[in-house]
Amino acid sequence: MSAATDPSLLGAGEIRELATRHGIRPTKQWGQNFVVDGNTVRRIVRVAGVGADDTVVEVGPGLGSLTLALLPVVERVVAVEVDPVLAAALPETVAHHAPDLADRLEVVHADAMAVTDLPGAPPTALVANLPYNVSVPVVLRFLELFPTLRTILVMVQLEVAERLAAGPGSKTYGVPSVKAAWHADVRLAGQVPRSVFWPVPNVDSGLVMLTRRPPPATTATRAEVFRCVDAAFAQRRKTLRAALATWAGSPALAEAALTAAGIDPRTRGEQLDVTAFAALAAAKAAGARAAEPGSAPAES
C-alpha cells in the first residue's frame, strides 16, 4: 500500500500541505529534508529491527513521516526536535493520523547536541533521518550518553554512512569510523535515492546500522583513546611516529608508545583498528606514569 492510500503515513502532497499550513520553509541551517515516500520510512523501521519492547528516540522527526511509521511498531517514541514550529505541530499530526497511538509519542523540544537526558524509560534504540550537518556528532553523543541504546539505525548522507562503516585501510576510514567502532559494530545497511526527499538534496543518502557491543578491553579511558585517534588523523599522511609527536610529547616518546603497543612506528593511522588505538593510548599512559618522579623502578 502506498503512502497516498495509507491514512497513517504522509505522502508528498500532504507533506507540502502541512508545511504550508504551519508556515514551514525547509532550512539548510537545520538540514531539513523531509521524507515523502511511505515505502522508505517502512523500510527504515524494518531494517532497524525495532519491536514492541523498544523505546525509540527519534532525532529530527520533522513533519512526522518516520514517526508515524514507528508508532505502530514500538512501545514509545521520544522525538527530539529543535525547530519550535515542528515540535508543536508533531503531536497534532499524530493525533490526526494515528489517534489510537498518540499516547505513545513524547516530543522534546531541544537541540539534540544539548540534550543530556530524556523523559521516561531509557531509550533502547535510535532511529532517525538525521540532518546531514550534525549526523556524526549526534550519533557519537547519543552512544556516549545513553548506554541503554542497543541499536542505532540512521539515514545520513551516503558519504557519511560510508565513512562511519569504513574499516582500516579504506580511503574513507577516519576519526568517525574509529570512534563509532569504540561503541558498536557498524555496517552500511543500504542506499536511499535523493528523490524520496522534499526538498530534493544534492546528495544521495545511506542507512547505517550500529549494534552496541563492549568497548575494547584497555586501561585507557575513552577520552584518552579518542585524543590519540584525533592526533593520528590530524596528519594522516604522516607516519604515526611523526603524527603523534605532539600527542606523546616528542617523536621519541611517540615511538616508545607505539613500540610498547606492538605497532610499527612507520604505520599510518588509517591502518589501525580501534583495538590498536586503545592499546596505544594505554601504552602512552603507562609510559607517562613510569616517568613520573618517585615512581617505582621496573623489576629486573
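The structure contained in this document is the topic of the report that follows. Note that the structure is a prediction, hence the values are computed from the model and not measured.

Secondary structure summary: the chain contains 12 helices and nine strands in total. Dimensions of the chain, computed from the C-alpha atoms along their principal axes, are close to 75 × 40 × 30 Å. Looking at the chain as a whole, 49% of its 300 residues qualify as buried. Once local pairs closer than 6 in sequence are excluded, the contacts in the chain between residues at least 24 apart make up 71%. As displayed, the chain offers around 13900 Å² of accessible surface, 54% of which is attributable to carbon and sulfur atoms. Mean positive and mean negative side-chain charge positions of the chain (28 and 29 charges, respectively) differ by 8 Å.

The topology assignment puts His-97 in helix H4 (residues 84–97). For His-97, a relative accessible area of 13% puts it in the buried group. Linking His-97 and Leu-68, residues 29 residues apart in sequence, is a C-alpha distance of 7.9 Å. Here Glu-14 takes part through its side chain, which lies 2.8 Å from a polar atom of the side chain of His-97.

For the structure shown, the criterion picks out four aromatic pairs. Relative to Phe-226, the ring of Trp-182 lies with its centre 6.1 Å away and its plane at 80°, an arrangement referred to as edge-to-face. Of this pair, Trp-182 sits in helix H7 (residues 175–183) while Phe-226 sits in helix H8 (residues 222–234), and the two are 44 residues apart along the sequence. With a relative accessible area of 7%, Trp-182 lands in the buried category. A centroid spacing of 6.0 Å and a plane angle of 40° characterise the contact between Phe-233 and Phe-277, whose relative ring orientation is tilted. Residue Phe-233 is found in helix H8, and its partner Phe-277 is found in helix H12 (residues 274–291); the two are separated by 44 residues along the sequence. Classification of Phe-277 as buried rests on a relative accessible area of 0%.

A large share of strand E2 (residues 55–59) lies buried, amounting to five of its five residues. Residues Thr-55, Val-57 and Val-59 line one face of E2 and the alternating positions Val-56 and Glu-58 line the opposite face, and both faces are buried. Following the backbone out of E2, through helix H3 (residues 65–70) and into the adjacent parallel strand E3 (residues 76–81), one traces a crossover that is right-handed. In this sheet, strand E5 (residues 125–129) lies alongside E2 in parallel orientation, the contact comprising two bridges. Across the sheet, the residue bridging to Val-56 is Ala-125, located in E5.

This part covers the pattern of salt bridges. Scanning the model with the defined rule gives 12 salt bridges in all. Of the charged contacts, one joins Arg-21 and Glu-17 as a salt bridge, the two residues approaching to 2.9 Å between their closest N and O atoms. Placement of both Arg-21 and Glu-17 in helix H1 (residues 12–21) is noted, with a separation of four residues, approximately one turn of the helix. For Arg-21, a relative accessible area of 47% translates into the label partly exposed. In the salt-bridge network here, residues are joined through shared partners; they are Glu-17, Arg-21 and Glu-92.

Rules and cut-offs
- Residues numbered from 1 in each chain as written.
- Predicted model: local features only at pLDDT ≥ 70, side-chain atom pairs only at ≥ 80, totals over all residues.
- Heavy atoms only, no water.
- Helix = DSSP H or I, 4+ residues; strand = E, 2+ residues; numbered from the N terminus.
- Buried < 20%, exposed > 50% of the residue type's maximum accessible area, 1.4 Å probe, protein only.
- Contact = heavy atoms within 4.5 Å.
- Areas by Shrake-Rupley, 256 points an atom, 1.4 Å probe, with all protein chains shown as cover.
- Lys, Arg positive; Asp, Glu negative; His and termini not counted.
- Charge placed at Lys NZ, Arg CZ, Asp CG, Glu CD.
- Polar contact = N/O pair within 3.5 Å; in protein donor to acceptor, adjacent residues only side chain to side chain.
- Phe/Tyr/Trp six-rings, centres within 6.5 Å; stacked < 30°, edge-to-face > 60°.
- Right-handed = clockwise from strand over helix to strand, strands pointing away.
- Pairing = 2+ DSSP bridges.
- Salt bridge = Lys/Arg side-chain N within 4 Å of Asp/Glu carboxyl O.

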